[in-house]
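# Summary of structural features
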Amino acid sequence: MGGKAKRFLGILSNAGIGFEHICLPSPFSVKRWHVTVLIDFLCGIEDLPEHEIVFFLNERIKISELPQKRCAVVTAELPYLENGGGAEALRPYEEHMREEKFVGVLESRLKAIRLFWEGNVRLGAYYTYDARDCEFLSSMTHSDVKRLDFRIPVHSAQKLNQQVSRFAFPVELSYLSLAYEYYERSYHGQDLAHSYLLLMIAAEILFNAGHGEISYKICRGVAVLLAESNQDGLDMFNKMKKLYGKRSKLVHEGKEDGICHDDVRMLRMCLRHCILKLCALRFSKKQLEDSLKSGGMGDFS
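Counting restarts for each chain: residues are numbered from 1 in the order of the written sequence. Side-chain atom pairs in this predicted model are given and counted only at pLDDT of 80 or more, local residue features only at pLDDT of at least 70, and totals for whole chains, interfaces and linings cover all residues. The basis for every side-chain value is the complete set of heavy atoms in the structure, and neither hydrogens nor water enter the calculation.

### With respect to the pattern of salt bridges
Put simply, the test is: Any carboxyl oxygen of Asp or Glu within 4 Å of a side-chain nitrogen of Lys or Arg constitutes a salt bridge here. Only runs of H or I of at least four residues qualify as helices and only runs of E of at least two qualify as strands under DSSP, and these elements are numbered from the N terminus. Exposure categories follow from relative accessible area, calculated using a 1.4 Å probe and restricted to protein chains: below 20% of the type maximum is buried, above 50% is exposed, and the middle band is partly exposed.
One pass over the full model with this rule turns up 16 salt bridges. Arg 32 is the partner of Glu 20 in a salt bridge, and the nearest nitrogen-oxygen pair spans 3.1 Å. Of this pair, Glu 20 sits in the loop between β1 (6–13) and β2 (29–34) while Arg 32 sits in strand β2, placing them 12 residues apart in sequence. Of the charged contacts, one joins Glu 184 and Arg 122 as a salt bridge, the two residues approaching to 3.1 Å between their closest N and O atoms. Within this pair, whereas Glu 184 is found in helix α5 (residues 174–185), its partner Arg 122 is found in strand β6 (residues 122–130), the two being separated by 62 residues in sequence. The same class applies to Glu 184 and to Arg 122, which are both buried.

### Side note on helix α2 (residues 50–61)
Which entries qualify depends on this criterion: Helix span, as expected, comes to 1.5 Å for every residue beyond the first. The arc refers to the directions leading from the helix axis to the C-beta atoms.
Taking 1.5 Å per residue as the helical rise, α2 with its 12 residues ought to reach 16 Å, and the 16 Å between its terminal C-alpha atoms agrees with that figure. Among the residues making up α2, those that are buried are Ile 53, Phe 56, Leu 57, Arg 60 and Ile 61. Projection of α2 onto a plane perpendicular to its axis shows the buried side chains occupying an angular sector of 95°, all on one side. Residues of α2 that are exposed and point over 90 degrees away from its buried face: His 51 and Phe 55.

### Some thoughts on the environment of Leu 281
Summarising the element assignment, Leu 281 is placed in helix α9 (residues 261–281). According to the relative accessible area criterion, Leu 281 is partly exposed, its value standing at 27%. For the pair formed by Leu 281 and Pro 170, sequence separation is 111 residues and the distance between their alpha carbons is 9.8 Å.

### Some points on the packing of helix α6 (residues 192–207) against helix α7 (residues 214–226)
The line we're drawing: For helices, the fitted line uses only the C-alpha atoms of the stretch in contact; every axis is such a line through C-alpha atoms, and the angle between N-to-C directions lies from 0 to 180 degrees. Any angle between 65 and 115 degrees counts as roughly perpendicular, while under 35 counts as roughly parallel, over 145 as roughly antiparallel, and the rest as oblique. Contact criterion: two residues are considered in contact whenever any of their non-hydrogen atoms come within 4.5 Å of each other. The residue classification treats Ala, Val, Leu, Ile, Met, Phe, Trp, Tyr, Cys and Pro as nonpolar and Asp, Glu, Lys and Arg as charged. All others, Gly included, are polar.
α7 packs onto α6 with a crossing angle of 80° between their chain directions and a minimal axis gap of 9 Å. Taken together, the axes of α6 and α7 are roughly perpendicular relative to one another. Between α6 and α7, the contacting residues are Ala 203, Glu 204 and Phe 207 on the first element and Ile 214, Lys 217, Ile 218, Gly 221, Val 222 and Leu 225 on the second. Within the contact of α6 with α7, the residues separate by chemical class into six nonpolar, one polar and two charged.

### Remarks on the packing of aromatic side chains
The test is simple: Centres within 6.5 Å are what make two rings of Phe, Tyr or Trp a pair, Trp counting through its six-membered ring; a difference in plane orientation under 30 degrees is then read as stacked, over 60 as edge-to-face, and the rest as tilted. Two conditions define a charge sitting above a ring: the NZ of Lys or the CZ of Arg must be within 6 Å of the ring centre, and it must be within 35 degrees of the ring normal.
Counting across every chain of the model gives 13 aromatic pairs. Summarising the aromatic geometry, the rings of Phe 169 and Tyr 180 are spaced 4.7 Å apart at their centres and angled 20° between planes, so their arrangement reads as stacked. Remark: Tyr 180 occurs in helix α5 and Phe 169 occurs in the loop between α4 (154–166) and α5; sequence separation between them is 11 residues. When its relative accessible area of 7% is taken as the criterion, Tyr 180 is described as buried. Through successive ring pairs, a cluster of aromatic residues spans Phe 116, Phe 167, Phe 169, Tyr 180, Tyr 183 and Tyr 187. Over the ring of Tyr 182 we find Arg 185; its NZ or CZ atom is 4.5 Å from the centre of that ring.

Taken by themselves, the reported measurements are silent on function.
Set out below in structure tokens:
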């Protein structure tokens, strides 16, 4: 029994200049569409007036601020489950689960990309439709995507594609998975202070083991993991000490006025590189603590 020839259209939020050079897993491909083309297409498949589509897109991707009025869209054809000579007809629940799994492949790649490069690029919404007559089939919208554009030069995109294609997160390390979760949550913080605290929680999960002052352990951990020289390590230790001091004022005195965008950006960058370093090392929490105490982590290159 034949089914509909389903296709997928995803609208990316915060996919700034250079994202079109990022490789997505098969069968997904990313292109730049002019906003007028996207508006006309969505009006057709959703059978909605133009002003409603424009309002929706401004909420998701701020079309009025897009360079050259072009947005990043992801397209793909949903693979059939073969049954003899034709496509297998699935019950609605089975079809929904298959669609979620299909989209999950894309969202997993976007999550890995966010770990390797700054920017809150996400799937803002997606649609599935009948490829023969563009009949609307289903959709999903992700609300409250915080603005933080992903911008990358072409030469860096090539390196990022290689890194992401080889990346496998060590899910067996529960402390690292939990730190990664709080790192991801920081993109959804209600405000700067909230994002800042979520990142500090991720840092505490990584480095708070054994006895000793937590601020020292976090500063030492970041410095030892990421520094390329003794002086670099000292500078990084002092920067983290200042950042943790702002966390203490926020938590103990309720003062958040000293936290700025650069603080969140710096803290997120440090946490991102620490998580990536630990993904490569695959240390248990005890191995990490022992290595930090000894002050050496091997090759920093």
